[in-house]
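# Geometric and topological summary
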Amino acid sequence: MKHILIVGAGGQIGSELTTYLRKIYGNANVVATDVRECKNLAADGPFEVLDALNATSMASVVARHNIDTIFNLVALLSAVGERNPQMAWGVNMGALMNSLEVARQHHCALFTPSSIGAFGPTSPKDGTPQDTIMQPTTVYGICKVTGELLSNYYHLKYGVDTRSVRFPGIISNVTQPGGGTTDYAVEIYYEAVRNGKYTCAVPSDVYMDMIYMPDALRACVELMEADPRQLIHRNSFNIASMSFTPEIIAAEIRKHIPEFEMDYYIDPVKREIAESWPNSLDDTCARQEWGWKPEWDLEKMTTDMLNVIRSREK
Ligand code: SER
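Residues numbered from 1 in each chain as written. Predicted model: local features only at pLDDT ≥ 70, side-chain atom pairs only at ≥ 80, totals over all residues. Heavy atoms only, no water.

## Digging into the overall build of the chain
Where we set the bar: Helical segments are the DSSP runs of H or I of at least four residues, strand segments are the runs of E of at least two, and each set is numbered from the N terminus. Here the radius of gyration uses the C-alpha set of atoms, whereas the globule reference equals 2.2 Å times the residue count to the power 0.38. For every residue, the accessible area (1.4 Å probe, protein chains only) is compared with the maximum for its type, and the residue is labelled buried under 20%, exposed over 50%, or partly exposed between those bounds. We call two residues in contact whenever any of their non-hydrogen atoms come within 4.5 Å of each other. The charge count includes Lys and Arg as positive and Asp and Glu as negative, but it does not include His or the ends of the chains. Charged side chains are reduced to one point each, which is NZ for Lys, CZ for Arg, CG for Asp and CD for Glu.
A count of helices and strands for the chain gives 12 helices and 16 strands. For 314 residues, the compact-globule estimate of 2.2 N^0.38 gives 20 Å, and the chain sits close to it at 19 Å. Projected onto its principal axes, the C-alpha positions of the chain cover 55 × 45 × 40 Å. Split into buried and exposed, the 314 residues of the chain put 55% on the buried side. Summarising the internal contacts of the chain: among those between residues at least 6 apart in sequence, 78% fall at separations of at least 24. Each charge class in the chain was averaged separately, 28 positive and 38 negative side chains, and the resulting centres sit 4 Å apart.

## Details of helix 1 (residues 12-25)
This is how the line gets drawn: To estimate how far a helix should extend, the number of its residues minus one is multiplied by 1.5 Å.
Its 14 residues place the ends of helix 1 20 Å apart at the C-alpha level, agreeing with the 20 Å of an ideal helix rising 1.5 Å per residue. By the criterion of burial, helix 1 is predominantly enclosed, with 10 of the 14 residues buried. Within the sequence span of helix 1, burial applies to Q12, I13, G14, S15, E16, L17, T18, L21, R22 and Y25. Among the residues trailing helix 1, G26 stands out with phi positive, at a value near 100 degrees.

## Comments concerning the environment of L21
As for its placement among the helices and strands, L21 is situated in helix 1. Owing to a relative accessible area of 0%, L21 belongs among the buried residues under this scheme. Each C-alpha atom, one on L21 and one on R218, is 9.7 Å from the other, the two residues being 197 residues apart in sequence. Among all residues touching L21, those that are not within four sequence positions of it are I4, I6, G26, V30, F71 and V221.

## Quick notes on helix 5 (residues 85-106)
With 22 residues, helix 5 should cover 32 Å at 1.5 Å per step; its first-to-last C-alpha distance of 31 Å lies within 8% of that length. Among the structural elements, helix 3 (55-64), strand 4 (69-72), helix 4 (78-83), strand 5 (109-111), helix 6 (139-158) and strand 8 (162-163) are those in contact with the buried residues of helix 5. Once helix 5 ends, the next one or two residues include H107, with phi positive near 55 degrees.

## Here's the deal with the pairing of strand 1 (residues 4-7)
This is how the line gets drawn: For two strands to pair, DSSP has to find at least two bridges joining them. Looking down the strands as they point away from the viewer, one classifies a crossover as right-handed if the path from the first strand across the helix to the second runs clockwise.
Taking every second residue as pointing to the same face, both faces of strand 1 are buried, with I4 and I6 on one and L5 and V7 on the other. Across four bridges, strand 1 lies against strand 2 (residues 30-34) in parallel orientation. Bridging across to strand 2, V7 finds its partner in T33. Handedness of the crossover joining strand 1 and strand 2 through helix 1 is recorded here as right-handed.

## Concerning the sheet that holds strand 4
Note the threshold: Axis lines are fitted through C-alpha atoms, for helices just across the contact stretch, and the angle between N-to-C directions can take any value from 0 to 180 degrees.
Read across the sheet, six strands follow the order 3-2-1-4-5-8 without closing on themselves; strand pairing throughout is parallel. Only two strands of the sheet have a single partner each, and these edge strands are strand 3 (47-49) and strand 8. Here strand 2 runs beside strand 3; their pairing, made up of three bridges, is parallel. Looking at strand 3, one finds that A32 is bridged to F47. Along the sheet face, helix 5 touches strand 4, strand 5 and strand 8 and points at about 175 degrees away from the line of strand 4.

## With respect to the nonpolar core
Rule in force here: Residues belong to one nonpolar core when they are buried, are Ala, Val, Leu, Ile, Met, Phe, Trp, Tyr or Cys, and are joined through side-chain atoms within 4.5 Å.
Counting 37 residues, the largest nonpolar core has I6, L17, L21, F71, F167, I239 and W290 as its most contacted members. At the level of secondary structure, the elements contributing two or more residues to this core comprise strand 1, helix 1, strand 2, strand 5, strand 9 (165-167), helix 8 (213-225) and helix 11 (284-290). The element that contributes the greatest number of residues to this core is helix 8, accounting for eight residues. What F71 contacts, discounting residues up to four positions off in sequence, is M1, I4, L5, I6, V7, L17, L21, F111, C220 and M224. Core analysis: the second largest hydrophobic core is formed by 35 residues, I116, F119, W277 and L306 among them.

## Section: the site of the ligand
Operational definition: If a single non-hydrogen atom of a residue is within 4 Å of a molecule or strand, that residue counts as near it. N or O atoms closer than or at 3.5 Å make up a polar contact, with two conditions inside protein: a donor-capable atom paired with an acceptor-capable one, and, for residues adjacent in sequence, both atoms drawn from side chains. To measure how exposed things are, a 1.4 Å probe is used in the Shrake-Rupley method; for residues, cover is taken only from the protein chains shown. Each residue receives one of three labels: charged for Asp, Glu, Lys and Arg, nonpolar for Ala, Val, Leu, Ile, Met, Phe, Trp, Tyr, Cys and Pro, and polar for the others, Gly being one of them.
Near the ligand the following residues occur: L77, S78, S115, Y140, G180, T181, T182 and W277. Within the side chain of S115, one N or O atom sits 2.6 Å away from an oxygen atom of the ligand. Here a nitrogen atom of the ligand sits 2.8 Å away from a polar atom, N or O, in the side chain of T182. Here the ligand, which alone exposes 230 Å², has 93% of that area covered by the protein. For the shell around the ligand, a count of residues per class yields three nonpolar, five polar and no charged.

## Looking at unusual backbone geometry
Backbone torsion omega between N235 and S236 reads 20 degrees, so that peptide bond is classified as cis. Structurally, the position occupied by S236 is in the loop between helix 8 and strand 13 (237-238). For N66, which is not glycine, the phi torsion reads 55 degrees and is therefore positive. Secondary-structure assignment places N66 in the loop between helix 3 and strand 4.

Any link to function would need more than the numbers given here.
Structure below.
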């Protein structure tokens, strides 16, 4: 990777991936784009307003900056997607299709995140294998499975260097996610610091895979830098680092804030989605094919999240 384009850079992943990549590859070599102006991303490197649904504009940015690698991070998440499935399909697939075509025409590598949401109620729940039944029941998941298949198709048919990971719920302290089912695991930290209590929309005993942002960012770079001869899979790799329920994360927070209280006001849409997703993924293929290894667990992450949020809220 020498000249990188990030599409959807203003979102939860993009806002941190831009900074992370600029540190490694140089500020001038990482072009951040988003449908909205993002002042913080424009401060230390190139930024352009780009509507990912406009293929001509995307191709023009790629040509002008001599881009060789695209990170397509545009997505409406699972819960918000259920409120407007047609729009979710249009945005998620439109951005992907344009990224694939621009990557094909301009000889770029392409990273697009997939998700635990690509699995569904008929997938094995525990230790969900890399290659297994994928029949998601959300439009978000349907987009992810279709995206995986299309990305593999572009690799096989046109030789485009497409790569992807199935992200667990990502926990971070810079930009909050919006409209996802795993968002509770981010909100809970902010509410614990600010108010000492949190009302959770996901049932107390539902396990989902989660990952801390530093591990998620490292996964993007390690996969894109991996020797292609080692990759049996491409779109998309299971990765895992921790799996917990709302009760388990609340108990971890109580080790730092003993008076922390949590109650529940269940969102039926989030409940159904959360219950349809795996409890924990098997990430053996990612470990074997490109050396994936998580560095953060729930305990370490909780200490870090609370410290960062506390210092910022002072
Ligand atoms: N975090 C996403 C969501 O909850 C899953 O990839 O929608």
